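Structural features, examined
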Amino acid sequence: VVSLFILNRNGSLIYSLETQASTQLSSNDKIRLSSTFHGISAIAAQISPVRRSGGAFGFLQTTGIRSLDADTFRLQCFHTATLMKIFCVMLPPYVDVEPLLRQVYSHYSDYVLKNPFYELDMPIRSEAFE
């Protein structure tokens, strides 16, 4: 995993982490990447030929881009029930990082949302979450 991004339900970048120093992006590039992905994912959800099944829990099914594979990288996304997007960028060899993204969401729920000083949709500034 090269980079990890967390977007709120509006598509705003609230957290980013880069694990390799050689691929440092500027703050503007991170915001541009995350907002572009949010828009493309929303469009993909609208034009997808696969429709959600109805029922009482149909709203829990994810919509949008789950994985985007290219020759040189892979972008994998986890869509939460609260409409957040947690996605990462990986270099080859590719592995499924869905469990890692779910664990990040679990840590977000435990360490960020339970912080009485955190306001929803604001950037994450928690040492416990890091």
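Everything below is about the structure printed above this text.
Our subject in this report is the structure included herewith.

Calculation notes
Residues numbered from 1 in each chain as written. Predicted model: local features only at pLDDT ≥ 70, side-chain atom pairs only at ≥ 80, totals over all residues. Heavy atoms only, no water. Helix = DSSP H or I, 4+ residues; strand = E, 2+ residues; numbered from the N terminus. Expected span 1.5 Å × (residues − 1). Buried < 20%, exposed > 50% of the residue type's maximum accessible area, 1.4 Å probe, protein only. Arc of directions from axis to C-beta. Phe/Tyr/Trp six-rings, centres within 6.5 Å; stacked < 30°, edge-to-face > 60°.

1. Focus on helix 1 (residues 27-47)
Note: α-helices contain 3.6 residues per turn, so residues at a spacing of three or four share the same orientation. Here helix 1 spans 31 Å end to end across 21 residues, near enough to the 30 Å set by a 1.5 Å rise per residue. For helix 1, the complete set of buried residues consists of Lys30, Ser34, Phe37, His38 and Ser41. Down the axis of helix 1, the sector holding all buried residues measures 100°, keeping them to one side. In helix 1, those exposed residues whose orientation departs by more than 90 degrees from the buried face are Asn28, Ile43, Gln46 and Ile47.

2. Comments concerning unusual backbone geometry
In the segment running from Pro92 into Pro93, the intervening peptide bond is cis, with an omega of 0°. Residue placement: Pro93 occurs in the loop between strand 5 (85-90) and helix 2 (98-112). The phi dihedral of Leu83 is positive, around 70°, even though this residue is not glycine. Considering the arrangement of structural elements, one finds Leu83 in the loop between strand 4 (74-79) and strand 5.

3. Examining the packing of aromatic side chains
In the structure shown here, the tally under the stated rule is 5 aromatic pairs. An angle of 80° between the planes, with centres 5.0 Å apart, marks the rings of Tyr15 and Phe129 as edge-to-face. You can see Tyr15 sitting in strand 2 (residues 13-18) and its partner Phe129 sitting in the segment after helix 2, a full 114 residues away along the chain. Considering the side-chain rings of Tyr105 and Tyr108, the 6.3 Å spacing of their centres and the 20° angle between planes classify their relative orientation as stacked. Of this pair, Tyr105 and Tyr108 both sit in helix 2, 3 residues apart, which is roughly one turn of that helix. Joined through ring pairs, the aromatic side chains of Phe5, Phe37 and Phe87 make up one cluster.

4. Overview of the environment of Cys88
For Cys88, the location among the structural elements is in strand 5. Separated by 13 residues in sequence, Cys88 and Leu75 place their C-alpha atoms 5.7 Å apart.

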